[in-house]
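Topology and contacts: notes
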Amino acid sequence: MKKYIIAIVSVSFIFFMPYLATEISESYNEPYNFLENPLPWLVITTFLLVLLMLAWLLIVVLKKVQLLEDEKNGVTEKTPHNNFGVWVNQILQKWTKSKDIDEEEEIILDHNYDGIKELDNSLPPWWVYMFYATIIFAVVYLVRFHVFDGENQIHEYNTAVAEAKANLEKYKETATDLVDVSTVTLLTDEKDLKRGKAIYNLNCAACHLPDGGGSIGPNLTDENWILGGGIKNIFTTVSNGGRDGKGMVAWDKILKPIDIAKVSSYIVSLQGTTPANPKKPEGDIWKE
Ligand code: HEC
């Protein structure tokens, strides 16, 4: 049973890793540029290491089988069974430089703090080499990004911003719902004006009267404008509101830009109509 599990795991691993590697490489522009994206290389290296390990494990197992067989057949030459353990211990010893407990006498310092003693261990090689690696990394990093002006965060930021701006422009071209004061135009389509009228009657008629004659708010049918006439000025006034304290709020928190454009176009269409009780003109006569 255990054999099968191991086999299944290793086979799926062998198939899964190349799949992962292709997935990763497809998601990068330059998948094999180590400096830009070390991940694919890490995956490949891990994959090869694991393959090597599997092969090595196989050798160890075969050796062991041979050994047991020899013993059974009465071949007397006895090699120590735990060859492997000795080997691992040697490697560990080499990389940690640790002293066995019974050798600690050699490195113990001769002071004694209330029974606490100190060993004069040397730095473990794994640590030292890692430390050297960080120094090399730092030098490479410094030269690459600060001396030769590589793609640093500022470059990345600038390209990302430029890309986003380009995308935004593209989006604005296709999204007709998105108008602002620089792109707003007078809408004359009947459907748009009908929508504008509906918005007007719902939100604006209370102060400007349904026919635009004005009560709390000024008359919107005459050619006098306090804040400027024409689609762009009206769009701005409706979006941002009137002068402080006059009672005309900024509608951009409530209405969508395209709806502000429609209601503004509707207001322009009221020009020259004669309301029942027109409020007297306020502001200056406005000419396009
Ligand atoms: C609470 C009352 C009130 C409501 C509701 C209101 N307004 Fe006004 N509106 C005013 C007042 C008051 C002014 C004058 C502002 C000023 O003098 O700065 C004004 C000014 C304006 C002006 C500029 C007129 C000019 O002479 O420059 C426009 C355009 C306008 N309103 C459109 C609208 C629209 C469109 C709506 C609905 C979405 C609306 N208003 C809702 C009170 C209101």
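Values in this document were obtained by computation on a predicted structure and should not be read as measured data.

1. Some words on the overall build of the protein chain
Looking only at helices and strands, one finds nine helices and four strands in the protein chain. Secondary structure of the protein chain in N-to-C order comes out as α-α-α-β-β-α-α-α-α-β-α-α-β. Its C-alpha atoms give the protein chain principal-axis dimensions of about 120 × 55 × 40 Å. Within the protein chain, contacts between residues at least 6 apart in sequence are counted, and of these 58% link residues at least 24 apart.

2. Side note on the site of the ligand
Close to the ligand lie 22 residues, the nearest being C204, C207, H208, L227 and M248. In this structure, I226 approaches the ligand through a main-chain N or O atom, which is 2.8 Å from an oxygen atom. Measuring from an oxygen atom of the ligand, one finds a backbone N or O atom of L227 at 2.7 Å. At the level of secondary structure, the elements contributing two or more residues to the shell around the ligand comprise α7 (205-208), α8 (230-240) and α9 (257-269). The element contributing the most residues to the shell around the ligand is α8, with three residues. Across the shell around the ligand, the residue classes break down as 14 nonpolar, six polar and two charged.

3. Concerning the coordination of the iron atom of the ligand
Donor atoms from the polypeptide that coordinate the iron atom of the ligand comprise H208 (NE2) and M248 (SD), at 2.0 to 2.3 Å from the metal. Around the iron atom of the ligand, the six donor atoms sit at angles spanning 87 to 178°, and that spread fits a shape best called octahedral. One end of the pair, H208, is in helix α7; the other, M248, is in the loop between α8 and α9, and 40 residues separate them in sequence. Here H208 falls in the buried class, since its relative accessible area comes to 11%.

4. Here we look at unusual backbone geometry
In this structure, D114 is a non-glycine residue whose phi angle is positive, near 45°. Note that D114 resides in the loop between β1 (108-113) and β2 (116-119).

5. Some details on the pairing of β1
Every regular strand shows the same layout, with side chains that alternate between the two sheet faces. Strand direction decides the pairing type here: β1 and β2, joined by three bridges, are antiparallel. Each bridged residue has a counterpart across the sheet, and for N112 the counterpart in β2 is K117.

6. Describing the domain arrangement of the protein chain
By domain assignment, the protein chain separates into domain 1 (2-79), domain 2 (126-173) and domain 3 (190-285). Computed from C-alpha atoms alone, the centre-to-centre distance between domain 2 and domain 3 is 52 Å.

7. Concerning the nonpolar core
Side chains of a nonpolar character, in soluble globular proteins, are inclined to be buried together. Formed by 21 residues in total, the largest nonpolar core has its most connected members in Y200, F235, V238, A261, V263 and I267. The set of elements that each furnish at least two residues to this core consists of α6 (190-203), α8 and α9. In this view, I267 contacts Y200, L220, W225 and I234; residues no more than four positions away in its chain are not counted. By size, the runner-up hydrophobic cluster in this structure holds five residues, among which are M17, A21, V43 and F47.

Rules used throughout
Residues numbered from 1 in each chain as written. Predicted model: local features only at pLDDT ≥ 70, side-chain atom pairs only at ≥ 80, totals over all residues. Heavy atoms only, no water. Helix = DSSP H or I, 4+ residues; strand = E, 2+ residues; numbered from the N terminus. Contact = heavy atoms within 4.5 Å. Near = heavy atom within 4 Å. Polar contact = N/O pair within 3.5 Å; in protein donor to acceptor, adjacent residues only side chain to side chain. Nonpolar A, V, L, I, M, F, W, Y, C, P; charged D, E, K, R; others polar. Donors = N, O, S within 2.8 Å, 3.2 Å for Na, K, Ca; no water. Tetrahedral: all angles 85-135°; square planar, octahedral: opposite > 155°, others 65-115°. Buried < 20%, exposed > 50% of the residue type's maximum accessible area, 1.4 Å probe, protein only. Pairing = 2+ DSSP bridges. Domains from an automatic or database assignment. Core = buried A, V, L, I, M, F, W, Y, C linked by side-chain atoms within 4.5 Å.

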